[in-house]
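# Inside the fold
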Amino acid sequence: MKFFFNRPKSVSPPKPLPNVKTDLKSICSEKPVIIWFGHSSYLMHIKGVNILVDPVFSGSASPMPFLIKAFPGSNAYSVEDLPQIDLLIITHNHYDHLDKKTVKELKHKVNAIYTPLGVGNDLERCIIKEEKITELDWWNSSKMNNEIEIIATPARHFSGRGLKRGESLWASFVLNIFGYNIYLGGDSGYDTHFKKIGQQYGPFDLAVLECGQYNTAWPFIHMAPEETVQASIDLNAKVLLPVHWAKFALAYHDWDEPIKRITKIAAEKNVDIITPMIGEPVTITEHYTNSTWWEI
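Now for a quick tour of the structure. (Residues numbered from 1 in each chain as written. Predicted model: local features only at pLDDT ≥ 70, side-chain atom pairs only at ≥ 80, totals over all residues. Heavy atoms only, no water.)

Before going further, it helps to spend a moment on the packing of helix H3 (residues 193-201) against helix H4 (residues 225-235). The geometry of H3 relative to H4 is characterised by a closest axis approach of 7 Å and an angle of 30° between their N-to-C directions. In terms of orientation, H3 lies roughly parallel with respect to H4. Across from Phe 194, Lys 195, Ile 197 and Gly 198 in H3, the residues of H4 making contact are Ala 231, Asp 234 and Leu 235. (Axes fitted to C-alpha atoms, helices over the stretch in contact; angles between N-to-C directions. Helix = DSSP H or I, 4+ residues; strand = E, 2+ residues; numbered from the N terminus. Parallel < 35°, antiparallel > 145°, perpendicular 65-115°, else oblique. Contact = heavy atoms within 4.5 Å.)

Dropping the structure here:
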């Protein structure tokens, strides 16, 4: 608590973050398009199907909204901007991944929800109908149809809201959709599970992995940027999208330290990385143009 309330000013950006305002309802692509909303929230679209992961649009990642507020410029999107969601994925029940205010606003837009064991209890409290929710244990899979399969895979993390911990599972996910193979990392410390997942389900066209909110005091639940790059190598991922940064200050490092460190080590290890602005559409398997937009 002493460190939390005495964090340096550099944990937040000096000015509002730039963003791209995309008409999310008009996206139409035969290849996967991904739009990152900051932190670990993102939308994927392919062939008329929309997948939303860990949406947090309330402007806060805390039960007390005044504690962990979104950076200015990072909260450019709202539920009203979203199209109908065919598949909502919630990786675990922490406030920066399961935002109940957002889920309540989304409930009429979502057709199906996939989440780890036990998280359905939190979702049902958002007045989500039980028949919409599919809970998966690690290594369990479910097919939405012949073209879409989702597999829950391990992650090294924990769960908890308020003072209660360990009442639900946390997970990463493998998404096979229209012939594309995508890894959705959720939150995880580095460990051997990345290698095992890569051997069993790789290679991946894209790996979405956390790279921020790390600290030497909690090395087993969040990765340092260098570990994130190694995890993408272990997964046998063709391209890495680093997330879990640029929206909330949950740790004590400079707000832009994660992206500076990860782009440096990715270049040294010849790992392809994409660094879109918030709201900027990226089409998977096409040529990627990266800018250092965080140099504000």
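Structure's up, so let's keep going.
Let us now look at the packing of aromatic side chains. What the rule picks out here adds up to 13 aromatic pairs. An angle of 75° between the planes, with centres 6.4 Å apart, marks the rings of Tyr 183 and Phe 194 as edge-to-face. Of this pair, Tyr 183 sits in strand S12 (residues 180-184) while Phe 194 sits in helix H3, and the two are 11 residues apart along the sequence. Ring centres 6.0 Å apart and planes at 20° place the aromatic pair Tyr 190 and Phe 194 in the stacked group. The exposure class of Tyr 190 is partly exposed, given its relative accessible area of 28%. Classification of Phe 194 as buried rests on a relative accessible area of 1%. Through a chain of ring-to-ring contacts, three or more aromatic side chains come together here, namely Trp 36, Trp 245, Trp 255, Trp 293 and Trp 294. Its end group placed over the ring of Tyr 95, Arg 161 keeps NZ or CZ at 4.1 Å from the ring centre. (Phe/Tyr/Trp six-rings, centres within 6.5 Å; stacked < 30°, edge-to-face > 60°. Buried < 20%, exposed > 50% of the residue type's maximum accessible area, 1.4 Å probe, protein only. Lys NZ or Arg CZ within 6 Å of the ring centre and 35° of its normal.)

This part takes up the pattern of salt bridges. A full pass over the atoms with the stated rule returns 10 salt bridges. Asp 122 is the partner of Arg 125 in a salt bridge, and the nearest nitrogen-oxygen pair spans 3.2 Å. Of the residues examined, Asp 122 reaches a relative accessible area of 8% and is grouped as buried. Salt bridges sharing common partners tie together Lys 100, Asp 122 and Arg 125. (Salt bridge = Lys/Arg side-chain N within 4 Å of Asp/Glu carboxyl O.)

What follows concerns a negative patch on the surface. There is a patch of like negative charges on the surface, built from Glu 124, Glu 130, Glu 131 and Glu 135. Topologically, Glu 135 is positioned in strand S6 (residues 133-136). With a relative accessible area of 33%, Glu 135 lands in the partly exposed category. (Patch = residues over 30% accessible without salt bridge, like charges linked within 9 Å, V, L, I, M, F, W, Y side chains within 5 Å. Areas by Shrake-Rupley, 256 points an atom, 1.4 Å probe, with all protein chains shown as cover. Lys, Arg positive; Asp, Glu negative; His and termini not counted. Charge placed at Lys NZ, Arg CZ, Asp CG, Glu CD.)

Before going further, it helps to spend a moment on helix H5 (residues 257-268). The terminal C-alpha atoms of H5 lie 17 Å apart, and with 12 residues this matches the ideal 16 Å at 1.5 Å per residue to within 8%. Within H5 the residues assigned to the buried category are Pro 258, Ile 259, Ile 262, Ile 265 and Ala 266. Across the axial projection of H5, the buried residues extend over an arc of 140°, all falling on one side. Turned more than 90 degrees away from the buried face of H5 sit Lys 264 and Ala 267, all of them exposed. The secondary structure elements touched by the buried residues of H5 are H4 and strand S14 (240-243). (Expected span 1.5 Å × (residues − 1). Arc of directions from axis to C-beta.)

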